[in-house]
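Remarks on the overall topology
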Amino acid sequence: MSAQLIKGKQISDTIREEMRHEVEQLKAKGVIPGLVVILVGEDAASQVYVRNKAKACEDLGYYSEVVRLPADTTQTDLLALIEKYNQQTNIHGILVQLPLPKHIEEKPVIDAISVHKDVDGFHPISVGNLMIGDDALLPCTPSGVIELLKRTGNSPAGKHAVVIGRSNIVGKPVSMLLLRENATVTICHSRTPNLAEVARQADILVVAVGVAKLVKEEWVKPGAVVIDVGMNRLPDGKLCGDVDFDDVVGTAGWLTPVPGGVGPMTITMLMANTLQSAKRAHGIV
Ligand code: GUN
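Since the model is a prediction, treat every value here as computed from it, not as a measurement.

1. Notes on helix α7 (residues 171–180)
What α7 keeps buried is the set Gly171, Pro173, Val174, Ser175, Leu177 and Leu178. On the buried face of α7, the contacting elements are α5 (124–132), α6 (140–151), β5 (160–164), β6 (184–188) and β7 (204–207). At the exit of α7 stands Asn182, carrying a positive phi of roughly 70°.

Structural data, given as structure tokens:
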């Protein structure tokens, strides 16, 4: 038996179609969702991500601005720009593309973004609200993972979810979301002994460590749902995940491919956050 593929592109397209209708309704009320993406420097991967974010805005009829700043931009100037967009009422989401150049600290920049416009879900107040289960803009990749699970009939409720990775961007927030969805959650990391053995207990295995093909067949319980958040570039230029797809596909029940699994969901959830933020700004719930 071969795993059923979780087709992120298809699911992402479906969510965008659902959103299109909502955007039309909002536009009829005179509200156009607005997103600004700020890129400092010339990181090649970031340039691609930023272009794709602008394209998604265009596709959904959002107002979008992309601000490209030179690599030697000062932290003071970046903070001033964020403050300008905090005040600008036609902008509902502010995203500062990471990583930032070394001379700029990430924390003051994330903290400077108004929590109401924090479409990345990285602000400490957003993170705190997620932790205590209050309303919050949720980080995009983790909420994309939950959508993939729910929309393939793999509700986390009552399942044992094992998350490998404890980053602030994926591992920690996806663990909180799985808990909120009533899974029993185990978080593993580089110091976890017997990692393969723990992973093998998972009904749902989420892997976000950035190590190409780490997860092998013997790490996976037969029939388990395996969500691969990894995106690694191999020496031959090909992309691959943190899961050894060919090794695991015969054992897992469900499996996300890389590319085409989790990846397409991230930008779609960013669009969903921007829409939600625009609705809230205008008192529409
Ligand atoms: N760089 C890579 N992924 C992300 C993301 O989700 N948000 C931001 N702001 N920067 C990133």
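Still more to cover.
2. Brief notes about the UniProt feature "domain: Tetrahydrofolate dehydrogenase/cyclohydrolase NAD(P)-binding" (unreviewed entry) in the protein
When the UniProt feature table is mapped onto this chain numbering, "domain: Tetrahydrofolate dehydrogenase/cyclohydrolase NAD(P)-binding" (unreviewed entry) sits at residues 139–281. Along residues 139–281 the backbone is 35% helical and 17% strand, and the end-to-end C-alpha distance reaches 19 Å.

3. Observations regarding the pattern of salt bridges
Under the defined criterion, the tally for this structure stands at twelve salt bridges. A salt bridge links Glu18 to Arg151; the shortest N-O distance between them is 2.9 Å. Highlighted residues: Glu18 in helix α1 (residues 8–28) and Arg151 in helix α6, separated in sequence by 133 residues. Residue classification places Glu18 among the partly exposed positions, given a relative accessible area of 40%. One salt bridge in this structure joins Arg151 and Glu147, with 2.7 Å as the shortest N-O distance. Of the two residues, Arg151 and Glu147 are both situated in helix α6; the distance of four residues between them amounts to about one turn of the helix. A relative accessible area of 35% means that Arg151 is categorised as partly exposed. A residue is classified by how much of its surface remains accessible, and Glu147, at 22% relative accessible area, is partly exposed. Each of Arg16, Glu17, Arg20 and Asp59 takes part in one network of salt bridges that share partners.

4. A word on the site of the ligand
Around the ligand, the surrounding shell consists of Leu95, Val96, Gln97, Leu98, Asp120 and Phe122. At 2.8 Å from a nitrogen atom of the ligand is found a main-chain nitrogen or oxygen belonging to Val96. Note that a nitrogen atom of the ligand is positioned 2.6 Å from one of the side-chain N or O atoms of Asp120. Here the ligand, which alone exposes 280 Å², has 79% of that area covered by the protein. Looking at the shell around the ligand residue by residue, the classes come out as four nonpolar, one polar and one charged.

5. Details of the UniProt feature "domain: Tetrahydrofolate dehydrogenase/cyclohydrolase catalytic" (unreviewed entry) in the protein
Those residues carrying the UniProt feature "domain: Tetrahydrofolate dehydrogenase/cyclohydrolase catalytic" (unreviewed entry) are residues 6–120 in this numbering. End C-alpha atoms of residues 6–120 are separated by 24 Å, and the span's content is 50% helix alongside 16% strand.

6. Thoughts on the sheet that holds strand β3 (residues 63–69)
Where strands meet in a sheet, backbone hydrogen bonds hold them as pairs that are either parallel or antiparallel. Reading across from one edge, β3-β2-β4 is the order of the three strands in this open sheet, with parallel pairing throughout. Edge positions in the sheet fall to β3 and β4 (93–96), since each has one partner strand and no second. Between one strand and the next, the sheet's axes are offset by a mean angle of 15°, whatever the strand orientation. Looking at chain direction, strand β2 (residues 34–40) and β4 are connected through four bridges and run parallel. The residue of β4 that forms the bridge with Val36 is Ile94. Strands β2, β3 and β4 of the sheet are contacted by helix α3 (residues 75–87), whose axis makes an angle of about 175° with β2.

About the thresholds
Residues numbered from 1 in each chain as written. Predicted model: local features only at pLDDT ≥ 70, side-chain atom pairs only at ≥ 80, totals over all residues. Heavy atoms only, no water. Buried < 20%, exposed > 50% of the residue type's maximum accessible area, 1.4 Å probe, protein only. Helix = DSSP H or I, 4+ residues; strand = E, 2+ residues; numbered from the N terminus. Contact = heavy atoms within 4.5 Å. UniProt positions renumbered as here; feature names shortened; annotations may be inferred. Salt bridge = Lys/Arg side-chain N within 4 Å of Asp/Glu carboxyl O. Near = heavy atom within 4 Å. Polar contact = N/O pair within 3.5 Å; in protein donor to acceptor, adjacent residues only side chain to side chain. Areas by Shrake-Rupley, 256 points an atom, 1.4 Å probe, with all protein chains shown as cover. Nonpolar A, V, L, I, M, F, W, Y, C, P; charged D, E, K, R; others polar. Pairing = 2+ DSSP bridges. Axes fitted to C-alpha atoms, helices over the stretch in contact; angles between N-to-C directions.

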